[in-house]
Amino acid sequence: MTLRYRAPGRVNLIGEHTDYNDGYVLPAAIAFDTVATVSPAEKLELVSLNDPPAGWERYVLGVIEQLQKRGVVIPPVRLVFDSSVPIGAGLSSSAALEVSAALALLGAAKRELGKLEIAQLCQQAEVETVGLACGIMDQFIAMHGKANHAVLLDCRTLVSRQVRIPKDIALVIADTRLKHELASSEYNTRKAECEAAALELGVTSLRDANVWNGNRRARHIVTENARVLSFVESLETNERRMMGELMAASHASLRDDYEVSCPELDLMVECAQRCPGLIGARMTGGGFGGSTINLVAAEHSEAFRDRLARLYEAETGKAPNILITKAADGASASTDDPRIQ
Ligand code: ADP
Ligand code: MG
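Residue numbering note: each chain is counted from 1, following its sequence as written. The order in which chains are written sets their letters, starting at A; the order in which ligands are written sets their numbers, starting at 1. With pLDDT at 70 or above as the cut-off, local features in this predicted model cover only qualifying residues; side-chain atom pairs require 80 or more to be listed or tallied, and sums for whole chains, interfaces and linings still use all residues. Hydrogen atoms and water are omitted, and side-chain values are computed over all heavy atoms in the structure.

**Things to note about the overall build of the protein chain**
Point 1. Helix and strand definitions follow DSSP, with helices as H or I runs of at least four residues and strands as E runs of at least two, each counted in order from the N terminus. The secondary structure content of the protein chain amounts to 9 helices and 12 strands.
Point 2. In terms of overall dimensions, the protein chain is globule-like: its C-alpha atoms have a radius of gyration of 20 Å, near the 20 Å expected for 341 residues.
Point 3. Along the first, second and third principal axes, the C-alpha atoms of the protein chain reach 55 × 50 × 35 Å.
Point 4. Categorising residues by exposure relies on relative accessible area from a 1.4 Å probe, with only protein chains included: less than 20% of the type maximum marks a residue as buried, more than 50% marks it as exposed, and the intermediate range marks it as partly exposed. Taken over 341 residues, the protein chain has a buried fraction of 57%.
Point 5. Put simply, of all contacts in the protein chain between residues at least 6 apart along the chain, 74% involve residues at least 24 apart.
Point 6. Throughout, the Shrake-Rupley method with a 1.4 Å probe supplies accessible areas, and for residues the shown protein chains are the sole cover considered. Of the roughly 14300 Å² that the protein chain leaves accessible, carbon and sulfur atoms contribute 49%. We compute the radius of gyration over the C-alpha atoms and compare it with the globule rule, which gives 2.2 Å times the number of residues raised to the power 0.38. By definition, residues are in contact when any of their heavy atoms lie within 4.5 Å.

See the structure below:
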């Protein structure tokens, strides 16, 4: 029998690089996803219809290993992935791949696991098999996303809360098309720097710090955690000026203190200030390329997109890929093909 499952990409509204510091994040799942189709086969076959770079299979092999560790017996299957999530754009195509694979393999094995356990095993696959020391955010939101909501997650306790995004606010994602290739080595370096800073400050993790003693990495994490909580308040009360200020401060902190931005991301954020309907703009995801997130008054979203594309292209000679989306539900069995039950 053929089964099909979907898992969404995500955009993080605020709370960047805080997840692996036991901090707060505020991602939303987006209306772009990876669909995994699984059917019986003689032996394991992995196919991607998205022309990914060599070595992509290790994400799936990592998931298989983690499932097996949990006693899941996986029959020989053919797994075909088809994704609308831009790859390497900071929208977590990797978690969408892992989570869609995990659901498909569990379906084939006729097993069920809890949502949080699935998110955690996918994170472990990325850490152990791919070698990126990532936090839980991407896999968590791929499982727990909620239409029209962002999700406030405390990455220490794993307690989460859905926060409604006002209907008339659009999520506009501007992909620079610059692949974040530096990201994985720098990412692991930042994680090590944060651990060293926590040690120096005498805390378990930077989540517990409220001073930074001149350490700029620590200052980013401490101030970013506070910004997430203030941003949630401003979203709930629809205070748009405050949202914009917090997003601008987050971007500046990532650029100057955490040093994970790049000229293209900075330019995209600057250009956004000159476009109609902007509420707030910042880089999103790990950095060194990838995308910015723009909160935009929905009635202006198309004009915003067109003008941002023109301004950015005029400066760089490169056309960005701009997506207008809204918060979507987390992973599920897919029912979009009536032939498949
Ligand atoms: P991001 O998660 O921001 O898109 P990553 O570098 O973390 O970027 O993950 C991108 C990698 O994940 C790709 O290089 C590829 O190995 C794998 N990947 C993601 N989506 C797919 C897909 N649909 N098919 C095959 N591989 C994929
Ligand atoms: Mg990723």
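**Here's the deal with the packing of aromatic side chains**
Point 1. The pairing test for Phe, Tyr and Trp rings, Trp by its six-membered ring, is centres within 6.5 Å, and the orientation test on the planes gives stacked under 30 degrees, edge-to-face over 60, and tilted for anything in between. For the structure on display, the rule yields 2 aromatic pairs.
Point 2. When the centroid spacing of 5.2 Å and the interplanar angle of 55 degrees are considered together, the rings of Tyr20 and Tyr187 count as tilted. A residue pair is termed long-range when its members are at least 10 positions apart, and Tyr20 in the loop between β1 (3-12) and β2 (24-25) and Tyr187 in helix α5 (residues 183-201) qualify at 167 residues.
Point 3. When its relative accessible area of 13% is taken as the criterion, Tyr187 is described as buried.

**Some details on the site of ligand 1**
Point 1. Taken together, 18 residues are adjacent to ligand 1, and Ser48, Asn50, Gly88, Ser93 and Ser94 come closest.
Point 2. Within the side chain of Asn50, one N or O atom sits 2.9 Å away from a nitrogen atom of ligand 1.
Point 3. Nitrogen and oxygen atoms within 3.5 Å of one another constitute a polar contact, given that in protein one can donate a hydrogen and the other can accept it, and given that sequence-neighbouring residues count only through two side-chain atoms. In the model, an oxygen atom of ligand 1 is placed 3.1 Å from a nitrogen or oxygen of the Gly90 main chain.
Point 4. In this analysis a 1.4 Å probe is tested at points of a 1 Å grid over the protein atoms alone, and where it fits but cannot get out there is a cavity; an open set with protein on both sides within 12 Å along at least five of seven lines is a pocket; lining residues have an atom within 4 Å of a point. Just a note on the criterion: a molecule sits in a pocket or cavity if more than half of its atoms are within 2 Å of the grid points. Mapping ligand 1 onto the cavity grids shows that it belongs to the largest pocket.
Point 5. The element contributing the most residues to the shell around ligand 1 is helix α2 (residues 93-108), with 3 residues.
Point 6. Think of it as three bins: nonpolar holds Ala, Val, Leu, Ile, Met, Phe, Trp, Tyr, Cys and Pro, charged holds Asp, Glu, Lys and Arg, and polar takes everything else, Gly as well. Considering only residue class, the shell around ligand 1 consists of 9 nonpolar, 9 polar and no charged. Nearness here has a simple test: a residue counts as near a molecule or strand if at least one of its heavy atoms is within 4 Å of that partner.

**Topic: the nonpolar core**
Point 1. Within the largest apolar cluster, 45 residues are counted, with the highest numbers of intra-cluster contacts made by Val60, Val63, Leu67, Leu79, Phe81, Leu105 and Ile118.
Point 2. When residues of this core are traced back to their parent elements, those giving at least two are β1, β3 (27-40), α1 (57-69), β5 (77-83), α2, α3 (115-130), α4 (137-144) and β6 (149-154).
Point 3. Top contributing element to this core by residue count: α2, with 8 residues.
Point 4. Those residues in contact with Leu79, other than ones at most four positions away along the chain, are Thr37, Val38, Glu45, Leu46, Val47, Val60, Ala104 and Leu105.
Point 5. Among buried residues, those of type Ala, Val, Leu, Ile, Met, Phe, Trp, Tyr and Cys that are joined through side-chain atoms within 4.5 Å constitute a nonpolar core. With 31 residues, the next largest nonpolar core counts Ala28, Val228, Leu246 and Ala327 among its residues.

**Digging into the sheet that holds β1**
Strand pairs in the sheet, formed through backbone hydrogen bonds, run parallel or antiparallel to each other.
Point 1. In space, the 5 strands of this open sheet follow the order β4-β5-β3-β1-β12, with mixed pairing throughout. Here the strands that pair on one side only, and so sit at the sheet edges, are β4 (45-48) and β12 (332-333).
Point 2. Two strands make a pair as long as DSSP finds a minimum of two bridges between them. Pairing of β1 with β12, which is carried by 2 bridges, proceeds in the antiparallel orientation. Residue pairing for β12: Tyr5 is matched across the bridge by Ala333.
Point 3. Fitted lines through C-alpha atoms serve as axes, helices being fitted only where they are in contact, and the angles separating the N-to-C directions of these axes extend from 0 to 180 degrees. Across the face of the sheet, α2 comes into contact with β1, β3, β5 and β12 while running at roughly 155 degrees to β1.

**Some words on the packing of α1 against α3**
Point 1. Between α1 and α3, whose axes approach to 8 Å, the crossing angle comes to 120 degrees. One element, α1, and the other, α3, form an angle in the oblique class. When you trace α1 past α3, the crossing you get is right-handed. From α1, Arg58, Tyr59, Gly62, Val63, Glu65, Gln66, Leu67 and Lys69 reach across to α3, where they touch Leu121, Cys122, Gln124, Ala125, Glu126, Glu128, Thr129 and Val130.
Point 2. Residues of the contact of α1 with α3, tallied by class, amount to 7 nonpolar, 4 polar and 5 charged. Here roughly perpendicular refers to angles of 65 to 115 degrees, roughly parallel to angles under 35, roughly antiparallel to angles over 145, and oblique to all remaining angles. It is the rotation of the near helix from the far one that decides the hand of a crossing: anticlockwise by less than a right angle makes it left-handed, clockwise makes it right-handed.

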